[in-house]
Amino acid sequence: MKTLLVLVGAACFSAAVSAAPLRIAHRGGTGDAPENTVVAIEQSLHNGADAVWVTVQLTKDGVPVLYRPASLDALTNLQGPVSGRTAAELVRADAGWKTGGADSPWRGKGIGIPTLQAVLTQFPDVPFFIDIKSPDADPAVMARALADVLQRTGSLARSRVYSTDARYLDALPHEVARFESRDLTRTVLARVAMAHQCELLPAQEGERWFGLEMKRDVEVVEKYTLGEARSAAQLVWDQEAMDCFRSKGAARIVLFDVNSEADYRAAKTLGADAVMINSPAQFRSIAR
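In this text, all values refer to a predicted model and were calculated from it rather than measured experimentally.

### As for the overall build of the chain
Scanning the chain for helices and strands turns up nine helices and 12 strands. Computed over C-alpha atoms, the radius of gyration of the chain comes to 19 Å, within 12% of the 19 Å expected from 2.2 N^0.38 for 288 residues, which places it in the range of a compact globule. When each of the 288 residues of the chain is scored for burial, the buried share is 48%. Partitioning the contacts of the chain with sequence separation of at least 6, the portion at a separation of at least 24 is 60%. With the model as given, the accessible surface of the chain reaches about 12,900 Å², and the carbon-plus-sulfur share is 50%. Across the chain, 32 positive and 34 negative side-chain charges occur, with their mean positions spaced 3 Å apart.

Structure representation (structure tokens):
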């Protein structure tokens, strides 16, 4: 048994594991409870999650809250975008309204959409990965609001920010830790998988974090003089890819969509630093 130290922001947290990947509860634990809610986070921590991944959007009054879909009617009893409601309105929403279908057992349980500040305050010792999903927020405005919450709650050292849109990462102030862009990670992985070439530039300073699905379906487009051809392909992390990402400086690799024991074992064999899982309850029976 050894202790694995992992840098999230500017500080370390540790898990006594046998060189096993840390378990990150995706959307707070979306497989076990209404996603991105306090009850999901509580259950995930009870079931052994080492860290929590949450999705944030910006409200009408500029408050970061935990919610993922573009429209509130996807999961709640409200309509329209998050940006059309205030934080106070969203706290009173029913975030369990559609979890599990029309007859959701979570409906009417008083589970609202929490603010990021409330969650960070309630769980002061938990490492958080924060995924920006605001479809209509100005990147600079979102970056300021997010940085303010992290500073106000003393969470800079235990948080790291991710987004599929690099504009949000680029807008963050220097003191906010972040992942490398998804575009960069996907491009480097594709080069390794298809051409066996490692085209990752050396790190400028410090440690870099990369995150992507363990297996990712993609479309390959081949262009030539008289047109183009398209074919399906799958990007899969293997030892060559892991070696590439770690050959240019200190790197942490988080593999997404690891939701079976077989994938977890494969991630462990590859030496992944962490895996993102939907159901910590399911993983509780899987030995590290």
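### Focus: helix 8 (residues 261-270)
Here helix 8 has its buried residues at D263, Y264, A267 and L270. Taken end-on, helix 8 shows its buried residues confined to a sector of 125°, consistent with a single buried face. Exposed side of helix 8, more than 90 degrees from the buried face: A262 and T269 are the residues found there. Remark: G271 follows helix 8 within two positions and exhibits a positive phi of approximately 85°.

### Digging into unusual backbone geometry
For H196, which is not glycine, the phi torsion reads 55° and is therefore positive. Relative to the assigned elements, H196 resides in the loop between helix 6 (182-195) and strand 8 (208-213). On the basis of relative accessibility, which here comes to 56%, the residue H196 falls in the exposed class. Phi at D257 is positive, roughly 55°, even though this residue is not glycine. In this fold, D257 is placed in the loop between strand 11 (251-256) and helix 8. A residue is classified by how much of its surface remains accessible, and D257, at 40% relative accessible area, is partly exposed.

### Digging into the state of the cysteines
Across all of its chains, the model carries one disulfide by this definition. A sulfur-sulfur separation of 2.1 Å characterises the disulfide bridge that pairs C198 with C244. Judged by the sign of its S-S torsion, about 80°, the bond between C198 and C244 is right-handed. A residue pair is termed long-range when its members are at least 10 positions apart, and C198 in the loop between helix 6 and strand 8 and C244 in helix 7 (residues 239-245) qualify at 46 residues.

Reading the values: rules and limits
- Residues numbered from 1 in each chain as written.
- Predicted model: local features only at pLDDT ≥ 70, side-chain atom pairs only at ≥ 80, totals over all residues.
- Heavy atoms only, no water.
- Helix = DSSP H or I, 4+ residues; strand = E, 2+ residues; numbered from the N terminus.
- Rg over C-alpha atoms; globule rule 2.2 N^0.38 Å.
- Buried < 20%, exposed > 50% of the residue type's maximum accessible area, 1.4 Å probe, protein only.
- Contact = heavy atoms within 4.5 Å.
- Areas by Shrake-Rupley, 256 points an atom, 1.4 Å probe, with all protein chains shown as cover.
- Lys, Arg positive; Asp, Glu negative; His and termini not counted.
- Charge placed at Lys NZ, Arg CZ, Asp CG, Glu CD.
- Arc of directions from axis to C-beta.
- Disulfide = S-S within 2.5 Å.

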